[in-house]
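The lines below spell out each chain.
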Amino acid sequence: MSKTPDYFHGKTIVITGAGSGIGRATALIFAREGANVVCADINENAAAETAAMVDAHNRAAQTSGSNAGRTLALTIDVTKRDAVNDMIDLAIGEFGSVQFLFNSAGSAIRRSKFLDIDDDLFERTYDLNVKGTFYGMQAVLPHMLTNKFGVIVNMGSQSHKRGGPGSGVHYASAKGAVVTMTMGVAREFATQGIRALSISPGPIDTAFQAAAATSPEMAAQMLNDVPMKRFGKAEEIGELVLFMCSDACGFMTADTVYVNGGGGFR
Ligand SMILES: NC(=O)c1ccc[n+]([C@@H]2O[C@H](COP(=O)([O-])OP(=O)(O)OC[C@H]3O[C@@H](n4cnc5c(N)ncnc54)[C@H](O)[C@@H]3O)[C@@H](O)[C@H]2O)c1
């Protein structure tokens, strides 16, 4: 939460992967705070659905006299540099400036034992998680540097700390690259009004998580390994994105924050 009342009103966040799970929950949380929200996703319908939810919230807020932002849905594949550049240009064109970028789009593509990871799986995993994040940061940073202000939040995973043995070394290592790249960017631009942080969640109850639990036994094992004995909620990550982007933590940059109920399987 911010220190300054209405801190987010009139400011703009671009969210990739906004059509589902953590990205969608974060879009609604920023709408609640009166921010303009750009909902970007490769899935056109999903992006439009999130934007419609944000819009419905904004109309209700306006009716009750509260601050309300605006929203924009964009169909964007984050693995394509040109599309990511367009996403930032369109956001700036619509709202004048962009203060925050949340790179949530990501996935393990599919689960695989280490010796079965082929070039295609490895490349697609790195394209989505690593290059997608890299393109987003390169696209928005010149604008943020001109404004001498910006916060970038990238999506890591707790798995980067464990290595993803047995099903996700490709994914865990890609998330390790995201966490490291975030740190490098944060430190390179630390004196220029830019902060960059990553979040490394344990199992969060989304479509991604459902796909990771490849069998009932795997699902039970994942749950059993969380000391709180439950999966996290997407909103519990979205509220952290809000805090990271706020003026309540101006000295916080570079690091990753683990959100995992005390532990976790992977
Ligand atoms: N849910 C978990 O347990 C968990 C744990 C750790 C990290 N994460 C990470 O959190 C992030 C969000 O995951 P989620 O749980 O909300 O998953 P999700 O599957 O609910 O949402 C991911 C969204 O990303 C979109 N997307 C996929 N490829 C894309 C592309 N090329 N371009 C643009 N958008 C694309 C999908 O259409 C989807 O809407 C991911 O980076 C994931 O790796 C999730």
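Note that the structure is a prediction, hence the values are computed from the model and not measured.

## Some words on the overall build of the protein chain
Part 1: Within the protein chain, the secondary structure is distributed over nine helices and seven strands.
Part 2: Computed over the C-alpha atoms, the radius of gyration of the protein chain is 18 Å, within 12% of the 18 Å expected from 2.2 N^0.38 for a compact globule of 266 residues.
Part 3: For the protein chain, the spread of C-alpha atoms along the principal axes amounts to about 50 × 35 × 35 Å.
Part 4: Contacts spanning at least 24 positions in sequence make up 73% of the contacts within the protein chain whose residues lie at least 6 apart.

## Quick notes on the site of the ligand
Part 1: Close to the ligand lie 29 residues; Gly17, Gly21, Gly106, Thr206 and Phe208 are nearest.
Part 2: Put simply, the parts of the chain that give the shell around the ligand at least two residues each are helix 1 (21-32) and helix 7 (207-212).
Part 3: Residues that form the shell around the ligand fall into these classes: 13 nonpolar, 14 polar and two charged.

## Comments concerning the nonpolar core
Part 1: One finds Ile13, Val14, Ile15, Val37, Val38, Cys39 and Ala40 to be the most contacted residues of the largest nonpolar core, which totals 70 residues.
Part 2: By residue number, the principal contributor to this core is helix 4 (residues 119-147), which donates nine residues.
Part 3: When sequence neighbours within four positions are dropped, the list of residues in contact with Val37 reads Ile13, Ile15, Ala27, Phe30, Ala31, Val54, Gly69 and Thr71.

## Some words on the sheet that holds strand 6 (residues 194-201)
Part 1: If you walk across this open sheet you meet the seven strands as 3-2-1-4-5-6-7, and the pairing is parallel. For this open sheet the edge positions go to strand 3 (71-75) and strand 7 (256-259), each flanked by a neighbour on one side alone. Adjacent strand axes in the sheet meet at a mean angle of 15°, parallel and antiparallel pairs treated alike.
Part 2: Sheet analysis places strand 4 (residues 100-103) next to strand 5 (residues 150-155), joined by four bridges and oriented parallel. Residue pairing across strands places Leu101 opposite Ile152, the latter belonging to strand 5.
Part 3: Across the sheet, helix 2 (residues 44-63) is in contact with strand 2 (36-41) and strand 3; its angle to strand 3 comes to roughly 175°.
Part 4: Lying over the sheet, helix 9 (residues 234-245) contacts strand 1 (12-16), strand 4, strand 5, strand 6 and strand 7, oriented at roughly 150° with respect to strand 5.

## Concerning the packing of helix 1 against helix 9
Part 1: At a minimum axis distance of 8 Å, the contact between helix 1 and helix 9 shows a crossing angle of 55°. Taken together, the axes of helix 1 and helix 9 lie oblique to each other. The way helix 1 lies across helix 9 gives a crossing that is right-handed. Taking contact as the criterion, the partners of Gly21, Ile22, Ala25, Thr26, Ile29 and Phe30 in helix 1 are, on helix 9, Ala234, Glu235, Ile237, Gly238, Glu239, Val241 and Leu242.
Part 2: In the contact of helix 1 with helix 9, the residues fall into eight nonpolar, three polar and two charged.

## Considering helix 6 (residues 169-188)
Part 1: The first and last C-alpha atoms of helix 6 sit 28 Å apart over 20 residues, in line with the 28 Å expected at 1.5 Å per residue.
Part 2: Of the positions making up helix 6, those classed as buried are His170, Tyr171, Ala172, Ala174, Lys175, Gly176, Val178, Val179, Thr182, Val185 and Ala186.
Part 3: The inward-facing, buried residues of helix 6 contact helix 4, strand 5, helix 5 (159-162), strand 6 and strand 7.

## Quick look at the environment of Phe122
Part 1: Following the sequence through the fold, Phe122 ends up in helix 4.
Part 2: Residue classification places Phe122 among the partly exposed positions, given that 17 C-beta atoms sit within 10 Å.
Part 3: In this structure, Phe122 is in contact with Ile117 and His170, ignoring residues within four places of it in sequence.

## Concerning the packing of helix 1 against helix 2
Part 1: Remark: helix 1 packs on helix 2, axes separated minimally by 10 Å, with the N-to-C direction vectors making an angle of 20°. Considering the angle they form, helix 1 stands roughly parallel to helix 2. Considering the relative orientation of helix 1 and helix 2, their crossing is right-handed. On the side of helix 1, the interface is formed by Arg24, Ala27, Leu28, Ala31 and Arg32, while helix 2 contributes Thr50, Met53, Val54, His57 and Asn58.

## A look at the environment of Phe243
Part 1: On the secondary structure map, Phe243 appears in helix 9.
Part 2: Residues Phe243 and Ser2 lie 241 residues apart in sequence; the distance between their C-alpha atoms is 6.6 Å.
Part 3: If near-sequence neighbours (up to four positions away) are discounted, Phe243 is found in contact with Met1, Ala248 and Cys249.

## Quick word on unusual backbone geometry
Peptide bonds are mostly trans, and most non-glycine residues show a negative phi.
Part 1: In the Ramachandran plot, Asp6 falls in the positive-phi region, its phi being about 60° despite a non-glycine side chain.
Part 2: By the secondary structure assignment, Asp6 is in the segment before strand 1.
Part 3: By C-beta crowding, Asp6 is classed as exposed, having 12 other C-beta atoms within 10 Å.
Part 4: Even without being glycine, Ile109 reaches a positive phi, approximately 60°.
Part 5: Structurally, the position occupied by Ile109 is in the loop between strand 4 and helix 4.
Part 6: Taking the C-beta count within 10 Å as the criterion, Ile109 has 21 such neighbours and is therefore assigned buried.

Conventions we followed
- Residues numbered from 1 in each chain as written.
- Predicted model: local features only at pLDDT ≥ 70, side-chain atom pairs only at ≥ 80, totals over all residues.
- Helix = DSSP H or I, 4+ residues; strand = E, 2+ residues; numbered from the N terminus.
- Rg over C-alpha atoms; globule rule 2.2 N^0.38 Å.
- Contact = placed C-beta atoms within 7 Å.
- Near = placed C-beta within 6 Å.
- Nonpolar A, V, L, I, M, F, W, Y, C, P; charged D, E, K, R; others polar.
- Core = buried A, V, L, I, M, F, W, Y, C linked by C-beta atoms within 7 Å.
- Buried ≥ 20, exposed ≤ 12 C-beta atoms within 10 Å, placed from the backbone.
- Pairing = 2+ DSSP bridges.
- Axes fitted to C-alpha atoms, helices over the stretch in contact; angles between N-to-C directions.
- Parallel < 35°, antiparallel > 145°, perpendicular 65-115°, else oblique.
- Left-handed = near helix turned anticlockwise from the far one by under 90°.
- Expected span 1.5 Å × (residues − 1).

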